[in-house]
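Understanding the architecture of this molecule
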Amino acid sequence: MKEIKTLAEGKEFKAVDFGKFSGLGDFALPLGPGVELKGKAFGGQAVGANGSEFSFQVFEPGQEGGFYHTHKRHEELYFFLSGTGEYQVDGRNIPVSQGTVIRVSPAGKRAVRNNGTEPLVMLCVQYRGNAFTTEDAADADILQEEVKW
């Protein structure tokens, strides 16, 4: 099984490397004794995130996500990075390809499949729904420091 490599870390950050997207199929997510989901790698814990989770996943041609699901509290953003496929939410099929982004609320019933001829690569970002406020949109502090490369 492939592992996420740590590139650098400090008190306020951690950088990791998942490798090339063409190698995502070498990751495996254990789901239970003798059961694993190939091609999926979670990264939140790897970078020390405490406000969200994210995962990369690759679906080979003809592969489905395996299950229809909802969440109790988590909203999800799905970013499609390469390939073509279909995303189903609440019974509606949406064609997806590189550049497609889909947001699904916690109660949305969702699934994905690759109906194309190339691997479908997806990034999913998961976070607590209804937590972002208009004040959060102005959260950044612009520093008056020169960036030195």
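Everything in this summary refers to the structure shown in the same document. These numbers come from a predicted model, not from an experiment.

Okay, the overall build of the chain next. On a plain count of helices and strands, the chain comes out with one helix and 12 strands. Secondary structure elements in the chain, listed N-terminal to C-terminal, are β-β-β-β-β-α-β-β-β-β-β-β-β. By the burial criterion, 30% of the 149 residues in the chain qualify as buried. Put simply, 57% of the contacts in the chain that link residues at least 6 apart link residues at least 24 apart. For the chain, the accessible area works out to roughly 10200 Å², and carbon and sulfur atoms hold 51% of it. Charge centroids of the chain, computed over 16 positive and 20 negative side chains, lie 5 Å from each other.

What follows deals with the sheet that holds strand E6 (residues 52–59). Here we have five strands laid out as an open sheet, ordered E5-E6-E12-E7-E10, and antiparallel in their pairing. Every other strand in the sheet has two partners, leaving strand E5 (40–42) and strand E10 (101–104) as the edge strands with one partner each. If you compare each strand with its neighbour and ignore which way they point, the axes differ by 15° on average.

What follows covers the environment of Lys 40. Secondary-structure assignment places Lys 40 in strand E5. Residue classification places Lys 40 among the buried positions, given a relative accessible area of 12%. On a C-alpha basis, the gap between Lys 40 and Gly 25 in space is 7.4 Å, while along the polypeptide they are 15 residues apart. The residues contacting Lys 40, other than those within four sequence positions of it, are Leu 24, Phe 27, Ala 28, Leu 29, Ser 55, Phe 56 and Gln 57. A distance of 3.0 Å separates polar atoms of two side chains, one belonging to Lys 40 and the other to Gln 57.

Here the focus is the pattern of salt bridges. Under the counting rule described, the total for this entry stands at three salt bridges. Across the pair Glu 75 and Arg 103 runs a salt bridge, and its minimum N-O distance is 3.1 Å. With Glu 75 in strand E7 (residues 74–82) and Arg 103 in strand E10, the pair connects residues that are 28 residues apart, well separated along the chain. Look at Glu 75 and you get buried, because its relative accessible area is 13%. The partly exposed category is assigned to Arg 103, whose relative accessible area is 48%. For Glu 76, the salt bridge goes to Arg 110, with nearest N and O atoms at 2.6 Å. Of this pair, Glu 76 sits in strand E7 while Arg 110 sits in strand E11 (residues 110–113); the two residues are 34 residues apart in sequence, bridging distant segments of the chain. By relative accessible area, which is 0% here, Arg 110 ends up buried.

Moving on: the side chain of Glu 75. In this structure the side chain of Glu 75 is engaged in a polar contact, spanning 3.1 Å, whose partner is the side chain of Arg 103. Of note is the side chain of Glu 75, whose polar atom sits 2.4 Å from the side chain of Tyr 127. Residue contacts for Glu 75: discarding those within four places in its chain leaves Arg 103, Val 104, Ser 105, Pro 106, Val 125, Gln 126, Tyr 127 and Gly 129.

Bringing the sheet that holds E11 into the picture now. Strand order in this open sheet of three strands is E9-E8-E11, and the pairing throughout is antiparallel. Each edge of the sheet is formed by a strand with only one pairing partner; in this case those strands are strand E9 (92–97) and E11. For this sheet, the mean inter-axis angle between neighbouring strands, taken without regard to orientation, is 25°. Bridge analysis of strand E8 (residues 84–89) against E9 gives six bridges, and the strand direction is antiparallel. Across the sheet, residue Thr 84 finds its bridge partner in E9, namely Ser 97.

Rules of the game
- Residues numbered from 1 in each chain as written.
- Predicted model: local features only at pLDDT ≥ 70, side-chain atom pairs only at ≥ 80, totals over all residues.
- Heavy atoms only, no water.
- Helix = DSSP H or I, 4+ residues; strand = E, 2+ residues; numbered from the N terminus.
- Buried < 20%, exposed > 50% of the residue type's maximum accessible area, 1.4 Å probe, protein only.
- Contact = heavy atoms within 4.5 Å.
- Areas by Shrake-Rupley, 256 points an atom, 1.4 Å probe, with all protein chains shown as cover.
- Lys, Arg positive; Asp, Glu negative; His and termini not counted.
- Charge placed at Lys NZ, Arg CZ, Asp CG, Glu CD.
- Pairing = 2+ DSSP bridges.
- Axes fitted to C-alpha atoms, helices over the stretch in contact; angles between N-to-C directions.
- Polar contact = N/O pair within 3.5 Å; in protein donor to acceptor, adjacent residues only side chain to side chain.
- Salt bridge = Lys/Arg side-chain N within 4 Å of Asp/Glu carboxyl O.

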